Amino acid sequence: MGKIIAVVNQKGGVGKTTTAVNLTAALHELGLKVLLCDFDPQANATSGLGVDKRKIKYSIYDVTINNIPLEQAVVHTKHGDVLPSAADLAGATVELINAEHRERQLEKALYRAKSQYDVIFIDCPPSLELLTLNGLCAADSILIPVQCEYYALEGLSDLMNTLRMVKRKLNPRLEIFGVALTMFDGRTNFSTQVAQEVRRHFPGKVFATVIPRNIRLAEAPSHGLPVTAYDKYSRGAKAYKAMAEEIKDKL
């Protein structure tokens, strides 16, 4: 059985989708069978792996709301498989409110796929609402991207409180798989201080690899490519490849 990892942080702009996309591609390159489930209505992870959300027949919305078989919605790319998102997912929260077991619709959708993949990443929305709750209930563990900036730890206490609640009431198997330090600027003492503080808060959980600030990482999504395909020699590509090696070892 594969491992389902929710990539989650309710704070926007921390490199959450960038991390989900590039780890999917890097682990695929290492020979693992990987599925990226884009559970964010913005669908940035979908386009980040080169899938045109305007041309897909079915999305994760159809799988969770309309009971379309997951296999019909999955898009196969040369960088890994994608369960795409689309704008209509934004309305799913309203439609799920009165559903029975509303927080478990994604878990139900991904259940069969678990045996077909080594890793399933869920790119969650940057908020702690019903879609993210579905991601947390479907996952075995979570990966938390934390940017090496001033507000890095702001809001993490809310996330930890939510995790404890989900673990206690809904998903007792949920654990922290790892914490990824992103947007690291080695030229500043401040990035180093933030990294040290995060490691103090999450002892033994922070990946040894840190993701640097890198222009190639910022450019790659506009070309519909992971950075490992856009510029495999860039610092960003090398960092995500190294982090993928760490994840493969942990798996």
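The structure displayed is predicted, hence computed values, not measured ones.

S.K.: I'd like a rundown of the overall build of the chain, residues and numbers included.
M.R.: Scanning the chain from N- to C-terminus turns up 12 helices and 8 strands. In terms of overall dimensions, the chain is globule-like: its C-alpha atoms have a radius of gyration of 17 Å, near the 18 Å expected for 251 residues. With the principal axes as the frame, the chain shows a C-alpha extent of 50 × 40 × 30 Å. By residue count, 55% of the 251 residues in the chain fall in the buried class. Of the contacts made within the chain by residues no fewer than 6 positions apart, 78% connect residues no fewer than 24 positions apart. Taken as a whole, the chain presents about 11300 Å² of accessible surface, with 51% of it coming from carbon and sulfur.

S.K.: Pulling in residues and values, what's your account of the nonpolar core?
M.R.: If you look at the biggest cluster of nonpolar residues, it comprises 54 residues, and the most contacted ones within it are Leu 83, Leu 110, Ile 122, Ile 142, Ile 144 and Phe 202. Residues in contact with Phe 202, not counting those within four places in the same chain, are Ile 144, Leu 156, Met 160, Ile 176 and Val 179. Counting 32 residues, the second-largest nonpolar core is a separate cluster that includes Val 51, Phe 207, Leu 217 and Ile 247.

S.K.: Requested: an account of the state of the cysteines, with residues and values cited.
M.R.: A complete count under the given rule lists 0 disulfides for this structure. Take Cys 137: it sits in no disulfide, and the sulfur closest to it among the cysteines is that of Cys 124, at 11 Å.

S.K.: Go over a nonpolar patch on the surface with me, naming the residues and quoting the values.
M.R.: A cluster of nonpolar side chains, namely Tyr 150, Tyr 151 and Phe 190, defines an oily patch on the protein surface of about 370 Å² accessible area. Looking at the element boundaries, Tyr 150 is found in the loop between strand E6 (141-147) and helix H8 (156-169).

S.K.: Requested: an account of the pattern of salt bridges, with residues and values cited.
M.R.: Scanning the model with the defined rule gives 15 salt bridges in all. Two residues, Arg 112 and Glu 71, come together in a salt bridge whose shortest N-O distance is 3.1 Å. Here Arg 112, found in the loop between helix H6 (105-110) and strand E5 (119-123), pairs with Glu 71, found in helix H4 (residues 70-73); they are 41 residues apart in sequence, far enough to count as distant. A salt bridge links Arg 104 to Glu 107, with the nearest nitrogen and oxygen atoms 2.8 Å apart. Using a relative accessible area of 23% as the deciding quantity, one classes Glu 107 as partly exposed.

S.K.: I'd like a description of the pairing of strand E7 (residues 175-184), backed by residues and values.
M.R.: Successive side chains on a regular strand alternate, one facing one side of the sheet and the next facing the other. Burial analysis of E7 places 8 of its 10 residues in the buried class, which makes it a mostly covered element. Strand direction decides the pairing type here: E6 and E7, joined by 7 bridges, are parallel. Note on E7: the bridge partner recorded for Ser 141 is Glu 175. Crossover E6 to E7 through H8 is right-handed. Bridge count between E7 and strand E8 (residues 206-212): 3 bridges; the pairing is parallel. Among the inter-strand pairings, Val 179 is bridged to a residue of E8, identified as Val 206.

S.K.: Which residues make up the packing of aromatic side chains, and what values go with them?
M.R.: Taken as a whole and judged by the stated rule, the model has 1 aromatic pair. Relative to Phe 207, the ring of Phe 177 lies with its centre 6.4 Å away and its plane at 55°, an arrangement referred to as tilted. One end of the pair, Phe 177, is in strand E7; the other, Phe 207, is in strand E8, with 30 residues separating them in the sequence. Residue classification places Phe 177 among the buried positions, given a relative accessible area of 6%. Between Lys 250 and the ring centre of Phe 177, over which it is positioned, the NZ or CZ distance is 4.5 Å.

S.K.: An account of unusual backbone geometry is requested, with residue identities and associated values reported.
M.R.: We note that Ala 43 has phi near 60°; this positive angle belongs to a residue other than glycine. Locating Ala 43 in the fold gives a position in the loop between strand E2 (34-38) and helix H2 (44-48). Overall, the relative accessible area of 1% leaves Ala 43 in the buried class. The phi torsion at Met 183 lies on the positive side, around 55°, for a residue other than glycine.

Cut-offs used in this document
Residues numbered from 1 in each chain as written. Predicted model: local features only at pLDDT ≥ 70, side-chain atom pairs only at ≥ 80, totals over all residues. Heavy atoms only, no water. Helix = DSSP H or I, 4+ residues; strand = E, 2+ residues; numbered from the N terminus. Rg over C-alpha atoms; globule rule 2.2 N^0.38 Å. Buried < 20%, exposed > 50% of the residue type's maximum accessible area, 1.4 Å probe, protein only. Contact = heavy atoms within 4.5 Å. Areas by Shrake-Rupley, 256 points an atom, 1.4 Å probe, with all protein chains shown as cover. Core = buried A, V, L, I, M, F, W, Y, C linked by side-chain atoms within 4.5 Å. Disulfide = S-S within 2.5 Å. Patch = residues over 30% accessible without salt bridge, like charges linked within 9 Å, V, L, I, M, F, W, Y side chains within 5 Å. Salt bridge = Lys/Arg side-chain N within 4 Å of Asp/Glu carboxyl O. Pairing = 2+ DSSP bridges. Right-handed = clockwise from strand over helix to strand, strands pointing away. Phe/Tyr/Trp six-rings, centres within 6.5 Å; stacked < 30°, edge-to-face > 60°. Lys NZ or Arg CZ within 6 Å of the ring centre and 35° of its normal.

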